[in-house]
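Architecture at a glance
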Amino acid sequence: MKTRITLGLLALMTALVLAACSDDKEPTANDDGANTGEESHEDMDMNEEGSDSMDGMEGHMSHDEVVSLNDSTGENELKIPPVLEDENTKEEEIAYTVRAQKGETEIFDGTKTKTLGYNGAFLGPMLRLNEGDTVKIKLINELDEDTTFHWHGLEVPGDADGGPHALLKPGEENMIEFKVTQEASTLWFHPHPEGSTAEQVYNGLAGLVYIEDDNSKSLDLPNEYGQNDIPLIFQDKIFDDKYQLNYDAAMNEDGTIGETLLINGTLNPMLSVKKEKIRLRLLNGSNARNFTFKLNTGDSFEQVATDGGFLNEPVTLKEITLTPSERAEIIIDFSKLDTDDDLALINDEDGSILLPFQVSEQGREDSNIPEKMNDFTITEEEMNLPVTKNVEFFGMMDKVTINGKQFDKDRIDFTQELGVTEVWEFYNKPDDMGGMIHPVHIHGTQFKILSRNGEEPPENEQGWKDSFSLEPDETVKVAVQFKNKGVYMLHCHILEHEDNGMMSQIKVE
Ligand code: C2O
Ligand code: CU
Ligand code: CU
């Protein structure tokens with residue numbers, strides 16, 4: 001076993017982590033999804049001191065520690081992405097135009113940062129869809145490079161999914177059309193060109209898709225966009241001394257991690273809220289960093305939705321971990337919190353302050369979180385299905401593989417029949433340094449997590465998912481069904497791993 005961490009350093013780090021977070025969670029490297037980029041594996045090989053002391057630690061702390069995020073000072077009011085206007089006037093039809101473009105953004109006062117965005121200089125608008133709608137989206141590439149438009153979490157035909165095969169060259173455009181056949185949820189969109197997804201997302205290409213349905217409209221949940229229903233896109237970046245995003249300099253093969261947090265593109269964000277229930281739609285939109293969201297006071301909140309829909313009942317939590325691309329909708333009841341305290345959302349991974357809240361006057365008092373929100377079920381039949389696909393994630397840096405292979409756009413790795421439910425078994429094979437979390441994502445479907453290491457998944461994963469964390473040495477069983485035909489990607493959502501080939505193709509026919 002090779003490691004660069006000596007026993008003394010290990011003890012010091014443990015003490016620091018314990019001092020930083022006063023909860024009972026044991027800090028382990030398994031909470032960390034990626035490396036800092038400050039030290040390479042060559043460094044590890046050169047320092048084998050203390051490797052004996054690591055035996056019996058099951059690889060914990062054996063990967064690089066992740067660089068901490070700077071605390072938000074709270075000096076800027078959180079920006080809310082604009083809502084994209086529907087160009088169609090007919091009922092049950094929606095038309096949008098989405099342009100990928102270059103721009104300049106004043107992230108830091110008085111300086112311009114070169115960024116990419118959709119229909120704007122940085123990030124993208126929110127696209128609202130309704131279940132049952134026919135949607136037409138015109139896609140325009142106004143970048144200087146090839147891109148695609150991928151709809152993460154949408155159950156659409158393969159040719160509308162925007163995977164690496166759907167390349168648009170600079171100046172090209174395309175029209176996609178699909179019907180919304182899935183329930184209310186918070187999804188997102190981002191580029192997916194082979195080998196440069198990470199850089200394009202890092203530079204700003206990411207936007208939100210909300211699906212509404214009769215259920216979401218009838219549930220009495222906070223739903224005033226930007227008022228009490230707040231999207232939060234969490235991304236970490238590294239800015240150079242000219243306040244630019246220099247991806248080549250920042251890039252880490254195991255996942256690019258920065259010390260500067262942006263939420264919806266806002267530096268040092270703060271959110272003003274009333275004393276009422278506030279719905280936060282959390283999206284981990286970072287290239288590689290994991291977030292464990294928690295209130296600094298330790299108060300609990302309710303999770304109401306997973307990646308692909310509402311939970312059956314709200315789940316009370318004190319913290320929630322999201323790996324890259326995962327979403328969760330949570331409700332914080334600010335009327336019940338002691339607002340004399342400085343309230344903030346923090347990242348329990350490193351204790352950093354993500355989003356301070358400024359609580360003002362009394363808001364709506366009568367709102368209730370419904371007891372029953374959905375009827376998600378896992379049937380006996382699904383539980384008893386045999387495993388028909390085994391998928392092994394292994395490796396790190398540019399040596400990442402799925403079932404021992406790297407991505408080849410001309411090779412189909414799996415086939416599945418339309419409408420047939422299959423049980424897939426995922427395994428994260430540790431390396432001699434313990435391994436790392438891989439966030440697993442499948443395109444074009446919302447699936448069900450059946451078990452984690454043979455056990456029932458936690459309550460807040462008993463709902464539709466399109467991404468999940470796969471810890472080293474963990475086995476996760478998932479029931480997968482596709483509603484549409486086409487070729488779909490399956491990959492690690494650490495975007496550098498994806499670009500390095502930790503991606504397979506599924507053909508649904
Ligand atoms: Cu978020 Cu392949 O996607
Ligand atoms: Cu996706
Ligand atoms: Cu990975």
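Every chain's residues receive numbers from 1 upward, in the order its sequence appears when written. All chains are assigned letters beginning at A, and all ligands numbers beginning at 1, according to the order in which they are written. The predicted origin of the model limits local features to residues at a pLDDT of at least 70 and limits the giving and counting of side-chain atom pairs to 80 or more, whereas totals for whole chains, interfaces and linings rest on all residues. Based on all heavy atoms of the structure, the side-chain values leave hydrogens and waters out of the count.

1. Quick word on the overall build of the protein chain
Selection rule: What counts as a helix is a DSSP run of H or I of at least four residues, what counts as a strand is a run of E of at least two, and both are numbered from the N terminus. Relative accessibility decides the category of a residue: with a 1.4 Å probe and only protein chains considered, values under 20% of the type maximum give buried, values over 50% give exposed, and everything between is partly exposed. Whether two residues are in contact is decided by their heavy atoms: any pair within 4.5 Å suffices.
The helix and strand tally for the protein chain stands at 8 helices and 31 strands. For the protein chain, buried positions account for 58% of its 509 residues. Within the protein chain, contacts between residues at least 6 apart in sequence are counted, and of these 78% link residues at least 24 apart.

2. Some remarks on the coordination of the copper ion (ligand 2)
As a reminder of what qualifies: Distances up to 2.8 Å from the metal define which N, O and S atoms are donors, and 3.2 Å serves for Na, K and Ca; water is absent from the atom set, so sites may look incomplete.
Every protein donor of the copper ion (ligand 2) is listed here as His-150 (NE2) and His-441 (NE2), and their distances to the metal cover 1.9 Å. Separated by 291 residues along the polypeptide, His-150 in strand 6 (residues 150-152) and His-441 in strand 26 (residues 438-442) bring together distant segments of the chain. In terms of burial, His-150 and His-441 fall into one category: buried.

3. A closer look at the packing of aromatic side chains
Aromatic rings in a pair are described by how distant their centres are and how their planes are angled relative to each other. Rules: What counts as a ring pair is set by centres within 6.5 Å for rings of Phe, Tyr and Trp (its six-membered ring), and what kind of pair is set by the plane angle: stacked under 30 degrees, edge-to-face over 60, tilted for all other angles. By the criterion adopted, a ring carries a charge over it if an Arg CZ or a Lys NZ lies within 6 Å of its centre and within 35 degrees of its normal.
Considering all chains together, one arrives at 18 aromatic pairs under this definition. Consider the rings of Phe-414 and Trp-424, whose centres lie 5.3 Å apart with planes at 45°: the pair is tilted. One end of the pair, Phe-414, is in strand 24 (residues 414-416); the other, Trp-424, is in strand 25 (residues 422-429), with 10 residues separating them in the sequence. When sorted by exposure, Phe-414 lands in the same class as Trp-424, which is buried. Ring-pair connections join several aromatic residues into one group, and the members of that group are Phe-393, Phe-414, Trp-424, Phe-426, Phe-447 and Phe-468. Across the ring face of Tyr-202, the terminal group of Lys-237 is positioned such that the distance to the ring centre comes to 4.9 Å.

4. Thoughts on the coordination of the copper ion (ligand 3)
Distances from the copper ion (ligand 3) to its protein donors, His-438 (ND1), Cys-492 (SG) and His-497 (ND1), fall at 2.0 to 2.2 Å. All donors to the copper ion (ligand 3) come from one chain, and their sequence spacing reads H-x53-C-x4-H. Taken as a pair, His-438 in strand 26 and Cys-492 in strand 30 (residues 486-492) lie far apart in primary sequence, 54 residues in all. Of the two residues examined, His-438 and Cys-492, each falls in the buried class.

5. Considering the side chain of His-497
Inspection of the secondary structure assignment puts His-497 in helix 8 (residues 495-499). His-497 sits in the buried class, given a relative accessible area of 0%. Not counting residues up to four positions away in its chain, the partners in contact with His-497 are Glu-253, Asp-254, Met-396, Met-397, Val-400, Met-436, His-438, Cys-492 and Met-502.

6. Concerning the sheet that holds strand 24
Worth spelling out the cut-off: For two strands to be treated as a pair, DSSP must find at least two bridges joining them. Each axis is a line fitted through C-alpha atoms, and for a helix only the stretch in contact is used; angles between axes span 0 to 180 degrees, taken between their N-to-C directions.
What the 5 strands build is an open sheet, ordered 24-31-30-26-28; its pairing is mixed. Two strands bound the open sheet, and with one partner strand each, they are strand 24 and strand 28 (467-470). For this sheet the average axis-to-axis angle between neighbouring strands, irrespective of direction, equals 25°. Pairing of strand 26 with strand 28, which is carried by 4 bridges, proceeds in the antiparallel orientation. Residue pairing for strand 28: His-441 is matched across the bridge by Ser-467.

7. Points about the pairing of strand 13 (residues 269-275)
Where strand 1 (residues 76-77) meets strand 13, 2 bridges bridge the pair, whose relative direction is parallel. In the sheet register, Glu-77 faces strand 13, and the bridge partner there is Met-270. In this structure, strand 13 lies alongside strand 21 (residues 352-362), joined through 4 bridges in parallel fashion. Bridge pairing in strand 21 links Leu-271 to Phe-357.

8. Description of the environment of Leu-311
Along the chain, Leu-311 falls in strand 17 (residues 310-317). As a C-alpha pair, Leu-311 and Asn-460 span 149 residues in sequence and 7.2 Å in three-dimensional space. With residues near it in sequence (within four places) discarded, Leu-311 still touches Gln-303, Val-304, Ala-305, Thr-306, Met-373, Asn-374, Glu-459, Asn-460, Gln-462 and Gly-463.

9. Considerations on the pattern of salt bridges
Put simply, the rule is: We count a salt bridge whenever a side-chain nitrogen from Lys or Arg sits within 4 Å of a carboxyl oxygen from Asp or Glu.
Tallied over the full model, the rule gives 28 salt bridges. For Arg-289, the salt bridge is made with Asp-350, and the minimal N-O distance between the two is 3.6 Å. Of the two residues, Arg-289 is situated in the loop between strand 14 (277-284) and strand 15 (291-295) and Asp-350 in the loop between strand 20 (344-347) and strand 21; the sequence distance between them amounts to 61 residues. Just as Arg-289 is buried, Asp-350 falls in that class too. Between Glu-474 and Arg-452 there is a salt bridge; the shortest N-O distance is 3.0 Å. A residue pair is termed long-range when its members are at least 10 positions apart, and Glu-474 in the loop between strand 28 and strand 29 (475-480) and Arg-452 in strand 27 (residues 448-452) qualify at 22 residues. Arg-452 carries the same exposure label as Glu-474, and that label is buried.

10. Some remarks on the sheet that holds strand 6
Strands sit in the order 4-9-8-6 across an open sheet of 4 strands; the sheet is mixed. Looking at the sheet topology across the chains shown, the edges are occupied by strand 4 (126-130) and strand 6. Taking each pair of neighbouring strands and ignoring which way they run, the sheet shows an average axis angle of 25°. Direction of pairing for strand 6 relative to strand 8 (residues 185-190): antiparallel, over a ladder of 3 bridges. Residue pairing in the sheet places His-152 in a bridge with Trp-188 of strand 8.

11. So, the pairing of strand 5 (residues 134-141)
Direction of pairing for strand 2 (residues 93-105) relative to strand 5: parallel, over a ladder of 8 bridges. By the bridge assignment, Thr-97 is partnered in strand 5 with Lys-138.

12. Thoughts on the confidence of the model for the protein chain
Filter applied, for reference: The predictor reports its confidence for every residue as pLDDT, a score running from 0 up to 100.
Within the protein chain, residue pLDDT values average 90, and 87% of them lie at 70 or more. A low-confidence stretch, residues 1-62 (pLDDT under 50), is modelled with 103 contacts involving residues beyond four sequence positions or located in other chains.

13. With respect to the environment of Glu-145
By the secondary structure assignment, Glu-145 is in the loop between strand 5 and strand 6. For Glu-145, the contacting residues outside a window of four places in its chain are Leu-116, Leu-168, Pro-170 and Gln-200.

14. What to know about unusual backbone geometry
Of note in the backbone geometry, Asn-264 takes a positive phi value of approximately 50° without being a glycine. If you trace the backbone, Asn-264 turns up in the loop between strand 11 (260-263) and strand 12 (266-267). Note on Asn-264: relative accessible area 6%, which makes it buried. Phi is positive for Ser-325, which is not a glycine, with a value near 85°.

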